[in-house]
Amino acid sequence: RKEVEQDPGPFNVPEGATVAFNCTYSNSASQSFFWYRQDCRKEPKLLMSVYSSGNEDGRFTAQLNRASQYISLLIRDSKLSDSATYLCVVNPQAGNNRKLIWGLGTSLAVNP
Amino acid sequence: NAGVTQTPKFRVLKTGQSMTLLCAQDMNHEYMYWYRQDPGMGLRLIHYSVGEGTTAKGEVPDGYNVSRLKKQNFLLGLESAAPSQTSVYFCASRLVTSGGRSYNEQFFGPGTRLTVL
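As the structure is a computational prediction, the values presented were derived from the model and not from experiment.

> I keep staring at the overall build of chain B and nothing clicks. Help me out?
Along its length, chain B carries zero helices and 13 strands. Scanning chain B from its N terminus toward the C terminus, one meets helices and strands in the order β-β-β-β-β-β-β-β-β-β-β-β-β. At 14 Å, chain B has a C-alpha radius of gyration in line with the 13 Å of a compact globule built from 117 residues. Projected onto the principal axes, the alpha-carbon positions of chain B cover approximately 50 × 30 × 25 Å. Per-residue burial over chain B gives 47% buried out of 117 residues. A fraction of 56% describes how many contacts in chain B between residues 6 or more apart in sequence connect residues 24 or more apart. Surface exposure of chain B reaches about 5500 Å², of which carbon and sulfur atoms provide 52%. Charge centroids of chain B, computed over 12 positive and 8 negative side chains, lie 5 Å from each other.

> It is not clear to me how the nonpolar core should be interpreted in this structure. Could you clarify?
Proteins that are soluble and globular tend to have nonpolar side chains buried together. Ranked by size, the top nonpolar core spans 24 residues in total, and within it A:Phe21, A:Trp35, A:Leu73, A:Ile75, A:Tyr86 and A:Leu108 carry the most contacts. Residue assignment for this core shows that the elements contributing at least two residues are β3 (19-25), β4 (32-38), β5 (44-50), β7 (60-65), β8 (70-75), β9 (84-91) and β11 (106-111) of chain A. Residues in contact with A:Ile75, not counting those within four places in the same chain, are A:Ala17, A:Thr18, A:Val19, A:Phe21, A:Arg59, A:Phe60, A:Asp82, A:Tyr86 and A:Leu108. B:Met19, B:Leu21, B:Cys23 and B:Met32 belong to the second largest nonpolar core, which has 18 residues in total.

> Whenever I open this one, the sheet that holds β7(A) confuses me. Can you help?
Think of a sheet as strands paired side by side through backbone hydrogen bonds, with each pair either parallel or antiparallel. Residues and elements named next belong to chain A. Judged by pairing direction, the sheet is antiparallel, and its five strands sit side by side in the order β1-β3-β8-β7-β6 without closing on themselves. Two strands in the sheet have a free side with no partner beyond their single neighbour: β1 (4-6) and β6 (55-57). Sheet twist, expressed as the mean angle between neighbouring strand axes with direction ignored, is 15 degrees. Of the pairings in the sheet, the one linking β3 to β8 comprises six bridges and is antiparallel in character. If you follow Ala20 over to β8, its bridge partner there is Leu74.

> Help me out: how do you make sense of unusual backbone geometry in this one?
Excluding glycine, most residues fall at negative phi; most peptide bonds, likewise, are trans. With an omega of 10 degrees, the peptide bond running from A:Gly9 to A:Pro10 counts as cis. Of note, A:Pro10 is situated in the loop between β1 and β2 (11-14). Backbone geometry places A:Arg41, a non-glycine residue, at a positive phi of 60 degrees. Turning to its location among the elements, A:Arg41 is positioned in the loop between β4 and β5. Note on A:Arg41: relative accessible area 58%, which makes it exposed. For B:Asn28, which is not a glycine, the phi torsion comes out positive at approximately 60 degrees. Mapped onto the elements, B:Asn28 comes out in the loop between β3 (19-25) and β4 (31-38).

> Can you help me understand the pattern of salt bridges in this one?
Any two side chains of opposite charge can pair if their charged atoms end up close together. For the coordinates displayed, the defined rule picks out six salt bridges over all chains. Between A:Arg37 and A:Asp39 there is a salt bridge, and its shortest N-O distance comes to 2.8 Å. Across the pair A:Glu56 and A:Arg76 runs a salt bridge, and its minimum N-O distance is 3.4 Å. Taken together, the positions of A:Glu56 in strand β6 and A:Arg76 in the loop between β8 and β9 put the pair 20 residues apart, joining distant regions of the chain. Overall, A:Arg76 belongs to the partly exposed group, its relative accessible area being 27%. Connected via shared salt-bridge partners are B:Arg36, B:Asp38 and B:Arg44.

Calculation rules
Residues numbered from 1 in each chain as written. Chains lettered and ligands numbered in written order. Predicted model: local features only at pLDDT ≥ 70, side-chain atom pairs only at ≥ 80, totals over all residues. Heavy atoms only, no water. Helix = DSSP H or I, 4+ residues; strand = E, 2+ residues; numbered from the N terminus. Rg over C-alpha atoms; globule rule 2.2 N^0.38 Å. Buried < 20%, exposed > 50% of the residue type's maximum accessible area, 1.4 Å probe, protein only. Contact = heavy atoms within 4.5 Å. Areas by Shrake-Rupley, 256 points an atom, 1.4 Å probe, with all protein chains shown as cover. Lys, Arg positive; Asp, Glu negative; His and termini not counted. Charge placed at Lys NZ, Arg CZ, Asp CG, Glu CD. Core = buried A, V, L, I, M, F, W, Y, C linked by side-chain atoms within 4.5 Å. Pairing = 2+ DSSP bridges. Axes fitted to C-alpha atoms, helices over the stretch in contact; angles between N-to-C directions. Salt bridge = Lys/Arg side-chain N within 4 Å of Asp/Glu carboxyl O.

No statement about biological role is implied by the geometric values presented.
Structure below.
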C-alpha cells in the first residue's frame, strides 16, 4: 500500500458543482495533514492545513478521519479558477515536517 | 518580497555534465528543501537544510549534492548528469517558528525544468 494515495481523476464538473476528494494514508501515527494546490506547470501552493477534526475556509472544507485513515477536501460552488491538481500531503512525524509524504494529486477540471 | 526564486528556469545538459541550481529566499526562513517532481511519482525530497551550514539527505539524494553557506541560499549540484535526472526541480522554504508559533507551510519556487540528453 502506498503511503499516501489519491484518486488521480480527472474530475470534470460544471461550474457551481460540489466536488469532494479523498486521500488515504498508511501510517496511523501520522500527525498533520495538508492540501496543496498545483496549477499546470506551476509550483505547489498551500491550500489548507488539516488538524484534528478538520477545518473550513470559505468554499473549501477539509476533514480528517483518523479511524479510517483518510482526509477529504470538499469544494462547494466550484469556479473555473478551481481547475488544478490537488495534492494531499502527510507529515508522518510529530512536530517535524522535514520529510513530508506527497500524494500524486487529483486533477480537477471545472467546466463552464 | 520576491519569495522563493530559482535559477535557471530551464536547462538542457548532456550526460556527464555538471551544473548547479540556485535557490534563494528573502523571507528569512530556517528550513529549505530541494524536491524533484516526475510524472507518476509525485514530489520526492532530494536534500533539505534546517539552517545555515547544515544539510541532510532526503528520499532520493544519490547523484546530488547541496550546500547552504548562507541562510537565504540553497544550492543543488549535479555532479555527473544522467538521463534519469531529467525532471522538474522545486526548491521550497519554511519559516518554522516565529513569536512562539509554529509554521508548517512550505513556500515553493517556480521550478527548474532540466533535461539530460
